[in-house]
Amino acid sequence: MQSNSHTEPAIMIVFGAGGDLAQRKLVPALFNLFLDGWLPEQFRIVGLDRVQMDDQAFRQRLREGVDRFSRRGKAEDQDWDRFSSHLAYLVADFADQEAFGLLSDRIAACEKEWGQPADRVFYLATPPTMMELIAQQLHRAGLSDDRERARIVFEKPFGRDLDSACKLNDVLTSFFAETQIYRIDHYLGKETVQNILAFRFANALFEPIWDQRYIDHVQITVAEEVGVGHRGGYYDQAGALRDMIQNHLLQILCLVAMEPPVSFGADEIRNKKVDVLRAIRPIPEDIVDQFAVRGQYGEGQIDGKHVPAYRHENDVSSTSNTETYAALKLFIDNWRWQNVPFYLRTGKCLPARVSEVSVVFRPVPHQSFPKPALEAWETNRLVIQIQPNEGIAMCVQAKRPGLEVRLDSVAMEFCYQEVFQTPSPEAYETLLLDVLQGDATLFMRADQIEAAWSVVTPVLEAWAAKAPVGFPNYPAGSWGPEAADRLLTGDERHWLAPMADVE
Ligand code: BG6
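Remember, it's a predicted structure, so these values are computed and weren't measured experimentally.

Enquirer: Provide a residue-level description of the pairing of strand β16 (residues 391–399), including the pertinent values.
Expert: Successive residues of a regular strand alternate their side chains across the two faces of the sheet. The pairing of strand β15 (residues 381–387) with β16 spans five bridges and is antiparallel. Bridged to Leu-382 within β16 is Met-394. Between β15 and β16, which pair antiparallel one after the other, the connecting turn spans three residues. Sheet topology places β16 next to strand β17 (residues 407–415); nine bridges connect them, and they run antiparallel. Bridge pairing in β17 links Lys-399 to Leu-407.

In structure tokens:
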């Protein structure tokens, strides 16, 4: 996590720089870091891709990306000119060792010009099939040798199951040391996700009640209004469990459930998180249905617009059984969380884009109020809103004004935007700066990735072995399949309407 320190001279080498990620996310984030004065004076971004382009065309393409996707909107000409002088492009075939020789020369030339060694960040904005090849080529060219200065960044998906993730980790760690590897989970860069740590460990108030004695259950919802868009080809091979739960939702769960860290050192935080993953009770293979629900959207309406069924999306098989919705019930077998269910759900084409965590407390031990006073009574609930309205709300009971005693739920709310009046950085700004500063706290270590795959493996296997019944089973624009409701009603609980949706 960033502090106000300055970064060393640095060269960021982006593989796949002609693609979507560089244009939509990486360069807008780097441009914002530049505007906010976080980048070192001696800084270069070198984009590599197969597409034929010169520096000028490359810069123009990235400018279009910034104008369209930066949180600040269109760039001022002056700012862009200052920034874009740091951008260069190399046409490269990643299978060709010569390209890596040229890259090496380019890096050496920068260092010569600056009169000092620079940090090198190799960013793979490429399809996952390129990971091994590029890492190997960098290694062969001697570009992974400097363990302090050379870092490599991978985007997800990181494997498609436990086996492939372990193999990938083995291969990559034969070229780069684990300390040089940064595996991105962009949810960890989101301001409110990081705030879970601040909220839990910078306040004395909550920790004493943060366990099975006071907490009844936890719900983690990451709902998306969008469908698969132009990513049907990738998504149809992945599905919601791989795409969202294995990484983003389990990472959020770790932050909610982890033990207090001794320090904010990268390994200390990551050790505490991996302890949570390892303590998750394995879902029994023969009764997966009691713990996991899958769904796929059929046609429906969102915001008054017709949405086609998933099976009719581009690049999706018309008989696809891929899930676009997944819900899990998990238990963490340790002292703190014994028998507290964690319910996780995520899906595409749901009624709203909203991500939040609800920590639901146990009821009071004894109800002193007369029955009529309790009609609207609810248990206490703490809601961590991740998006779109970043904030925290504590739902408590209060007496409704009037001569009768009637209780009602009220929310004590903190909203980032109102309190701090300053826009939050994009997740990629936080994460890219962390890589430049060599801080791996918010990145996934190999053991975390593998532990997270282990959690979802029984479900992946059970779902692969048995075709789903009744797909599509929820209309676009609804809150998912009925079976997901039953996952909770069977425990005499129900999914809580997201605060953001209620407002
Ligand atoms: C990505 C998934 O990791 O996260 C996408 O691959 C998903 O399918 C996206 O849409 C959601 O991210 P955000 O930041 O928009 O909530």
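Enquirer: Tell me what's going on with the sheet that holds β16, and back it up with residues and numbers.
Expert: The eight strands lie next to each other as β8-β12-β13-β7-β14-β15-β16-β17, forming an open sheet whose pairing is mixed. Strands at the two margins of the open sheet, each flanked by one partner only, are β8 (292–295) and β17. On average, each strand axis in the sheet is tilted by 15° relative to the strand beside it, whichever way the strands run. Here helix α9 (residues 240–257) sits on the sheet and contacts β7 (215–223), β12 (325–330), β13 (342–347), β14 (354–361) and β15; the angle it forms with β13, its principal contact strand, is near 140°. Where helix α14 (residues 482–489) meets the sheet, its contacts fall on β7, β8, β12 and β13, and the angle it forms with β12 comes to roughly 10°.

Enquirer: I'd like to hear about the environment of Ser-85, residue by residue, with values.
Expert: Here Ser-85 shows up in the loop between α3 (77–84) and β3 (87–91). Sequence separation between Ser-85 and Asp-55 is 30 residues; the distance between their C-alpha atoms is 9.6 Å. In terms of polar contacts, Ser-85 uses its side chain to reach the backbone carbonyl oxygen of Arg-82, at 2.8 Å.

Enquirer: Summarise the environment of Trp-210; cite the residues concerned and give the values.
Expert: Structurally, Trp-210 can be placed in the loop between α7 (191–201) and β7. The exposure class assigned to Trp-210 is buried, which follows from its relative accessible area of 1%. For Trp-210, the contacting residues outside a window of four places in its chain are Arg-200, Ile-215, Val-256, Arg-336, Trp-337, Val-359 and Leu-382. At 2.8 Å, the side chain of Trp-210 and the backbone oxygen of Val-256 are in polar contact.

Enquirer: Before we move on, could you go through unusual backbone geometry and cite the residues and values that matter?
Expert: When glycine is set aside, most residues are seen to have a negative phi, and most peptide bonds are trans. In this chain, Lys-156 is followed by Pro-157 through a cis amide linkage whose omega measures 5°. Mapped onto the secondary structure, Pro-157 falls in the loop between β5 (150–154) and α6 (162–175). The amide bond that connects Gln-387 to the next residue, Pro-388, takes the cis arrangement and shows omega of 5°. For Pro-388, the position within the fold is in the loop between β15 and β16. A positive phi angle, close to 60°, is found at Asp-315, a residue other than glycine. As for its position among the elements, Asp-315 is in the loop between β11 (305–307) and β12. Unlike most non-glycine residues, Glu-492 shows phi in positive territory, near 60°. The residue Glu-492 is located in the loop between α14 and α15 (499–502) in this model. Judged by its relative accessible area of 78%, Glu-492 falls in the exposed class.

Enquirer: Which residues make up the pattern of salt bridges, and what values go with them?
Expert: Summed over the entire model, instances satisfying the criterion amount to 31 salt bridges. A salt bridge links Arg-200 to Glu-207; the nearest nitrogen and oxygen atoms lie 2.9 Å apart. Salt bridges linked by common partners bring Asp-267, Arg-270, Arg-278, Arg-445 and Asp-447 together as one network.

Enquirer: Talk me through the packing of aromatic side chains; I want residue IDs and the actual numbers.
Expert: Here the structure, examined in full by the defined rule, presents 19 aromatic pairs. Between Tyr-297 and Tyr-474, the ring centres sit 6.3 Å apart and the planes meet at 70°, which makes this aromatic pair edge-to-face. Here the residue Tyr-297 occupies a position in strand β9 (residues 297–298), and Tyr-474 occupies one in strand β18 (residues 474–475), the gap between them amounting to 177 residues. Grouping residues by exposure puts Tyr-297 and Tyr-474 together as buried. Ring centres of Phe-414 and Phe-420 lie 6.1 Å apart, and the angle between their planes is 85°; on these two criteria the pair is classed as edge-to-face. Each member of the aromatic cluster is reached from another via a ring pair, and the members are Tyr-235, Tyr-297, Tyr-310, Tyr-325 and Tyr-474. For the cation-ring pair, Lys-329 lies above Phe-291, with the distance from its terminal atom to the ring centre recorded as 5.7 Å.

Enquirer: Account for the site of the ligand, with residues named and values stated.
Expert: The full set of residues close to the ligand is Lys-156, His-186, Tyr-187, Lys-190, Glu-224, Arg-231, Asp-243, Met-244, His-248, Lys-348, Arg-353 and Gln-387. Between an oxygen atom of the ligand and a side-chain N or O atom of Arg-231, the distance comes to 2.9 Å. Between Arg-353 and the ligand, the recorded distance is 3.3 Å, taken from a side-chain N or O atom to an oxygen atom. In terms of residue count, α9 provides more of the shell around the ligand than any other element does, three residues in total. Broken down by class, the residue content of the shell around the ligand amounts to two nonpolar, three polar and seven charged.

Enquirer: Got a sec to walk through the packing of helix α1 (residues 20–35) against α3? Specific residues and values, please.
Expert: Packed helices, taken two at a time, are described by their axes: the angle between them and the distance between them. Following both chains from N to C, one finds α1 and α3 inclined at 105°, their axes separated by 11 Å at the closest point. On the basis of their axis angle, the class for α1 and α3 is roughly perpendicular. Residues Val-27, Leu-30, Phe-31, Phe-34 and Leu-35 of α1 touch α3, and the partners they reach there are Asp-79, Trp-80, Arg-82 and Phe-83. Residues belonging to the contact of α1 with α3 are distributed by class as follows: seven nonpolar, no polar and two charged.

Calculation criteria
Residues numbered from 1 in each chain as written. Predicted model: local features only at pLDDT ≥ 70, side-chain atom pairs only at ≥ 80, totals over all residues. Heavy atoms only, no water. Pairing = 2+ DSSP bridges. Helix = DSSP H or I, 4+ residues; strand = E, 2+ residues; numbered from the N terminus. Axes fitted to C-alpha atoms, helices over the stretch in contact; angles between N-to-C directions. Contact = heavy atoms within 4.5 Å. Polar contact = N/O pair within 3.5 Å; in protein donor to acceptor, adjacent residues only side chain to side chain. Buried < 20%, exposed > 50% of the residue type's maximum accessible area, 1.4 Å probe, protein only. Salt bridge = Lys/Arg side-chain N within 4 Å of Asp/Glu carboxyl O. Phe/Tyr/Trp six-rings, centres within 6.5 Å; stacked < 30°, edge-to-face > 60°. Lys NZ or Arg CZ within 6 Å of the ring centre and 35° of its normal. Near = heavy atom within 4 Å. Nonpolar A, V, L, I, M, F, W, Y, C, P; charged D, E, K, R; others polar. Parallel < 35°, antiparallel > 145°, perpendicular 65-115°, else oblique.

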